[in-house]
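# Architecture and fold: a report
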Amino acid sequence: RFGAGEQSPHRHLQTLKAVSNTILLGNPIAATTQLGDLFVNAYRFGGRNAFKGVLETITGKNVVNVKDFGLENHISQDLSDVKGIAQTVQDTLFRVSQFSRVDRFGKNSLLQSAWNKNTALAKSEKGIQKLKEEYGGAFGKEFDSLVNDLAEGKVSENSKLLLFMELTGSQPVTLSDMPQKYLEAPNGRIFYSLKSFGL
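Please read these numbers as outputs of a predicted model, since none were measured by experiment. (Residues numbered from 1 in each chain as written. Predicted model: local features only at pLDDT ≥ 70, side-chain atom pairs only at ≥ 80, totals over all residues. Heavy atoms only, no water.)

### A look at the packing of helix 8 (residues 143-152) against helix 9 (residues 157-168)
Closest axis-to-axis distance for the helix 8/helix 9 pair is 8 Å, and the angle between their directions is 90°. One finds that helix 8 runs roughly perpendicular with respect to helix 9. The segment helix 8 lies against helix 9, with Ser 145, Leu 146, Asp 149 and Leu 150 engaging Asn 158, Ser 159 and Leu 162. In terms of residue class, the contact of helix 8 with helix 9 is built from three nonpolar, three polar and one charged. (Axes fitted to C-alpha atoms, helices over the stretch in contact; angles between N-to-C directions. Helix = DSSP H or I, 4+ residues; strand = E, 2+ residues; numbered from the N terminus. Parallel < 35°, antiparallel > 145°, perpendicular 65-115°, else oblique. Contact = heavy atoms within 4.5 Å. Nonpolar A, V, L, I, M, F, W, Y, C, P; charged D, E, K, R; others polar.)

Spelled out as structure tokens, the structure:
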């Protein structure tokens, strides 16, 4: 997983993938379709938290955003597996069509919606139990510290890690989010094009 996953596909396959991504996603219709992410946020974090998260994102009141995770120019792992001129053209059309901006808005709204939900959970015994069931194993000895940070509304390394985990629960933004076969076969990744979100 961590060896082959770092390898890049053949440059011709990278170009083919970039051309395909650009044609299918580099347009305003695809950008508008990205707004569907907001409904996924409502499903995952509750309508109230998601609606509040959208308003806070619009008004710039996010506690964290994609820049805090180095993802301001990163849509998904599947789309970043290209290099050179093909990537430049792809990224330019994603910017011009507003696809990148809408995606960034969706990610920021998700992070804020997750913050709203988890900080509310940290303020009740029942909520803390829910947090423990979902994240107790991941945080181990740090779990109590995480709960305290969330209850106090403190943006710590632990609370940021929790939000990143929430983001990767919706979107495949890192190599570790991708299937093992994707990582093991760099030249076979072309068959996963635009399927990683579904997987």
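Here the narrative resumes.
### Considerations on a nonpolar patch on the surface
On the surface, a cluster of nonpolar side chains totalling about 370 Å² of accessible area is made up of Val 19, Ile 23, Leu 24 and Leu 194. The topology assignment puts Val 19 in helix 1 (residues 11-25). Using a relative accessible area of 43% as the deciding quantity, one classes Val 19 as partly exposed. (Patch = residues over 30% accessible without salt bridge, like charges linked within 9 Å, V, L, I, M, F, W, Y side chains within 5 Å. Areas by Shrake-Rupley, 256 points an atom, 1.4 Å probe, with all protein chains shown as cover. Salt bridge = Lys/Arg side-chain N within 4 Å of Asp/Glu carboxyl O. Buried < 20%, exposed > 50% of the residue type's maximum accessible area, 1.4 Å probe, protein only.)

### Observations regarding the environment of Ser 156
Within the secondary structure, Ser 156 sits in the loop between helix 8 and helix 9. C-alpha separation for the pair Ser 156 and Leu 146, spaced 10 residues apart in sequence, amounts to 8.1 Å. At 2.6 Å, the side chain of Ser 156 forms a polar contact with the side chain of Asp 149. (Polar contact = N/O pair within 3.5 Å; in protein donor to acceptor, adjacent residues only side chain to side chain.)

### Remarks on the pattern of salt bridges
Oppositely charged side chains can pair when the atoms bearing their charge come close. Evaluated as defined, the whole model comprises four salt bridges. Between Lys 17 and Asp 78 there is a salt bridge whose closest N-O contact spans 2.9 Å. Residue Lys 17 is found in helix 1, and its partner Asp 78 is found in the loop between helix 4 (47-58) and helix 5 (84-96); the two are separated by 61 residues along the sequence. Taking the relative accessible area as the measure of exposure, Lys 17 reaches 2% and is therefore buried. Note that Lys 107 and Asp 103 form a salt bridge whose closest N and O atoms lie 2.6 Å from each other. Here the residue Lys 107 and the residue Asp 103 both occupy positions in helix 6 (residues 99-121), the gap between them amounting to four residues, near one helical turn.

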